[in-house]
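The lines below spell out each chain.
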Amino acid sequence: MNRREKSRHELALLASTGVYHTYDQWTRSLIPFVQWNLQPNVGIDNFIWLTAISTSFTLIGTFFVARMIEVMGLRNSAMISSAFVILYQFLVCQFTNLYVYVFLQSLLLFNNMQMIIDAAILNLESEDGDYKKRTRLITRIMIPQSIGYALGPYCALQMIFFVTPSLEISQALCGFLALFTLLPVIWNYFPDNPNTNLSLTPDFSSYFEVLKSDYVKLYALLLMMVTGPYTAYDSLVRNSMASSAIRDPNHMHNLFLTLGLTTILVNTVLLPKLQSAISTKALLSGSFSVLGASYLYLAVFHDLIHLFIGMPVQVAAATICIGELSSQLMGAIGKRKAGTAASVLRMSQLAATLLVPFVHGTLTAHHDVVSLCLMSAVLSGAAVGAIRKFGSSMVFSSEYLPGFSGKYE
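Since the model is a prediction, treat every value here as computed from it, not as a measurement.

**Regarding helix α14 (residues 369-390)**
For step 1, the next point in the chain: In this model, α14 (22 residues) spans 31 Å end to end at C-alpha, consistent with the 32 Å of a helix rising 1.5 Å per residue.
For step 2, the next point in the chain: Listing the buried residues of α14 in full gives Val-369, Leu-372, Cys-373, Ser-376, Ala-377, Ser-380, Ala-383, Val-384, Ala-386 and Ile-387.

Pasting the structure below:
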């Protein structure tokens, strides 16, 4: 692949990432309102189990989408996955029956577009340990992803509170826009690398093979230690704010817009500067330490004003941890198993999300924010200890990480 083709494919990845996450966050912002309207009524204590059902389908789908990537190629896999997710976005707000809602979650088997993008990143780069280029591209990808995190909730809440109160119209518009913006980018500009000699049946042996590596297991575990606590706290805040949004929608709107803007600032300004100044091991240790401190802060202070202080710090630290660990995990597995690498990366985060309802509500009460934050802080501290003791595999240092502004060599 020459430089021009590589540049074109990279731009397609950037565009599709931004568009995908915009509509994904649009839908996610409206889901709490959908759950409040379900019949038979679902108590708030059960909302987290509904999220677990959605996550279960997505987790199962990682095995099949990963195989699709290796057999059908990146373009065809992205087209099929996006089409099913857009169908879900069209339908999810059209029904209020609980059982229909649960059935629609099966479409989320294909909600693995980010995994396809991760595989495309690995496909664009060599497998000879070039962490420099891979991390630079992951950093670039995080910028449109962050924009989507800010723009999606903004569009969703602007529509529902200031244009029309109809969930059906707002979500149908989301699906309509996705249909005419995401699919053309994928079809015209995504890399295409099918391998028709392989079967679509998932090869589970490849997962056992890559998980034999202690490095892969370490990075996957650390990703779970970031994603699980963050998902639990985020879910609790979203459902809590949705229950009071009718009285004052600006609180929910402004908070999630602030979090989205924080991720943009981190990925465009803070992360490149930190990458050029310190090693990955030190950066991850520091980020997990800051993440733990943010949970302790949120355990003590619960008012809205403190959410606007503690949650941006939490999101910034989690963003850095996920970006750095993703690069390490993908590099440890290698390009020849791009689908498997992306699948392990995705499964690590989904598995942590799936464990949330079993911990949150079993070991702690559903509304016990203090216990949840304290447990999350302990996990962050444990991650720091694991990095210090087992992080010798994080061998690349600052000279390999000039930031996101460099060109391919």
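**Digging into the pattern of salt bridges**
For step 1, the next point in the chain: As enumerated under the stated definition, the model contains 2 salt bridges in all.
For step 2, the next point in the chain: One salt bridge in this structure joins Glu-70 and Arg-67, with 3.3 Å as the shortest N-O distance. Of this pair, Glu-70 and Arg-67 both sit in helix α2 (residues 44-72), 3 residues apart, roughly one helical turn.
For step 3, the next point in the chain: Taking relative accessible area as the criterion, Glu-70 reaches 22% and is therefore assigned partly exposed.
For step 4, the next point in the chain: Where Asp-214 meets Lys-217, a salt bridge forms, and the shortest distance between an N and an O atom there is 3.6 Å.

**Brief notes about a nonpolar patch on the surface**
For step 1, the next point in the chain: A cluster of nonpolar side chains, namely Ile-147, Leu-151 and Tyr-154, defines an oily patch on the protein surface of about 240 Å² accessible area.
For step 2, the next point in the chain: By secondary structure assignment, the location of Leu-151 is in helix α6 (residues 131-163).

**A short note on the environment of Arg-8**
For step 1, the next point in the chain: Structurally, the position occupied by Arg-8 is in helix α1 (residues 3-36).
For step 2, the next point in the chain: Through-space distance from the C-alpha of Arg-8 to that of Phe-190 is 8.5 Å; in sequence the pair is 182 residues apart.
For step 3, the next point in the chain: For Arg-8, the side chain forms a polar contact with the side chain of His-9, separated by 3.5 Å.

**Some words on the environment of Ser-285**
For step 1, the next point in the chain: If you trace the backbone, Ser-285 turns up in helix α11 (residues 280-300).
For step 2, the next point in the chain: Considered as a pair, Ser-285 and Val-384 are 99 residues apart in the sequence and their alpha carbons are 5.1 Å apart.
For step 3, the next point in the chain: Among residues more than four places away in sequence, those in contact with Ser-285 are Val-384, Ile-387 and Arg-388.

**A few points about unusual backbone geometry**
For step 1, the next point in the chain: Each neighbour pair has its own omega, and for Gln-39 with Pro-40 the value is -5°, a cis peptide bond.
For step 2, the next point in the chain: Tracing the sequence through the fold places Pro-40 in the loop between α1 and α2.

**A word on the nonpolar core**
For step 1, the next point in the chain: If you look at the biggest cluster of nonpolar residues, it comprises 103 residues, and the most contacted ones within it are Phe-190, Leu-222, Tyr-233 and Phe-288.
For step 2, the next point in the chain: Listed in part, the 6 residues of the second largest apolar core include Val-266, Leu-271, Leu-283 and Ile-320.

**Some words on the state of the cysteines**
For step 1, the next point in the chain: Scanning all chains against the criterion turns up 0 disulfides.
For step 2, the next point in the chain: Of all cysteine sulfurs, the one in Cys-93 lies closest to Cys-174, which takes part in no disulfide; the gap is 8.9 Å.
For step 3, the next point in the chain: The exposure class of Cys-174 is buried, given its relative accessible area of 0%.

**What to know about the environment of Thr-96**
For step 1, the next point in the chain: With respect to the helices and strands, Thr-96 occurs in the loop between α3 (74-91) and α4 (98-104).
For step 2, the next point in the chain: Accessibility expressed as a relative area gives 41% for Thr-96, which makes it partly exposed.
For step 3, the next point in the chain: Spatially, the C-alpha atom of Thr-96 lies 8.3 Å from that of Gln-35, the residues being 61 residues apart in sequence.
For step 4, the next point in the chain: Excluding residues within four positions of it along the chain, Thr-96 makes contact with Asn-37, Leu-38 and Gln-39.

**Observations concerning the packing of aromatic side chains**
For step 1, the next point in the chain: As enumerated under the stated definition, the model contains 4 aromatic pairs in all.
For step 2, the next point in the chain: With centroids separated by 4.1 Å and ring planes inclined at 10°, the aromatic side chains of Phe-84 and Phe-110 adopt a geometry described as stacked. Placement of the pair is Phe-84 in helix α3 and Phe-110 in the loop between α4 and α5 (113-124), with a sequence separation of 26 residues.
For step 3, the next point in the chain: The class of Phe-84 is partly exposed, set by a relative accessible area of 32%.
For step 4, the next point in the chain: Ring geometry for Phe-176 versus Phe-180: centroids 4.9 Å apart, planes at 50°, classification tilted. Separated by 4 residues within a single helix, Phe-176 and Phe-180 lie in helix α7 (residues 167-189), roughly one turn from each other.
For step 5, the next point in the chain: Judged by relative accessible area, Phe-180 falls into the exposed class, the value being 54%.
For step 6, the next point in the chain: Over the face of the ring belonging to Trp-187 we find Arg-75, whose NZ or CZ atom lies 5.7 Å from the ring centre.

**A short note on the side chain of Asn-111**
For step 1, the next point in the chain: Mapped onto the elements of the fold, Asn-111 is located in the loop between α4 and α5.
For step 2, the next point in the chain: Among all residues touching Asn-111, those that are not within four sequence positions of it are Tyr-20, Asp-24, Thr-58, Val-85 and Arg-346.

**What to know about the confidence of the model for the chain**
For step 1, the next point in the chain: Considering every residue of the chain, the mean pLDDT works out to 80; 84% of them sit at 70 or more.
For step 2, the next point in the chain: Low pLDDT, under 50, characterises residues 396-409; the predicted model gives this stretch 43 contacts beyond four residues in sequence or across chains.

**What about the packing of α11 against helix α12 (residues 304-333)?**
For step 1, the next point in the chain: One way to put it is that α11 packs onto α12 with a least axis distance of 9 Å and a crossing angle of 150°. Here α11 lies roughly antiparallel to α12, going by the angle between them. In this structure, α11 crosses over α12, and the sense of that crossing is left-handed.
For step 2, the next point in the chain: Split by residue class, the contact of α11 with α12 holds 17 nonpolar, 7 polar and 1 charged.

Criteria and thresholds
- Residues numbered from 1 in each chain as written.
- Predicted model: local features only at pLDDT ≥ 70, side-chain atom pairs only at ≥ 80, totals over all residues.
- Heavy atoms only, no water.
- Helix = DSSP H or I, 4+ residues; strand = E, 2+ residues; numbered from the N terminus.
- Expected span 1.5 Å × (residues − 1).
- Buried < 20%, exposed > 50% of the residue type's maximum accessible area, 1.4 Å probe, protein only.
- Salt bridge = Lys/Arg side-chain N within 4 Å of Asp/Glu carboxyl O.
- Patch = residues over 30% accessible without salt bridge, like charges linked within 9 Å, V, L, I, M, F, W, Y side chains within 5 Å.
- Areas by Shrake-Rupley, 256 points an atom, 1.4 Å probe, with all protein chains shown as cover.
- Polar contact = N/O pair within 3.5 Å; in protein donor to acceptor, adjacent residues only side chain to side chain.
- Contact = heavy atoms within 4.5 Å.
- Core = buried A, V, L, I, M, F, W, Y, C linked by side-chain atoms within 4.5 Å.
- Disulfide = S-S within 2.5 Å.
- Phe/Tyr/Trp six-rings, centres within 6.5 Å; stacked < 30°, edge-to-face > 60°.
- Lys NZ or Arg CZ within 6 Å of the ring centre and 35° of its normal.
- pLDDT = per-residue confidence, 0-100.
- Axes fitted to C-alpha atoms, helices over the stretch in contact; angles between N-to-C directions.
- Parallel < 35°, antiparallel > 145°, perpendicular 65-115°, else oblique.
- Left-handed = near helix turned anticlockwise from the far one by under 90°.
- Nonpolar A, V, L, I, M, F, W, Y, C, P; charged D, E, K, R; others polar.

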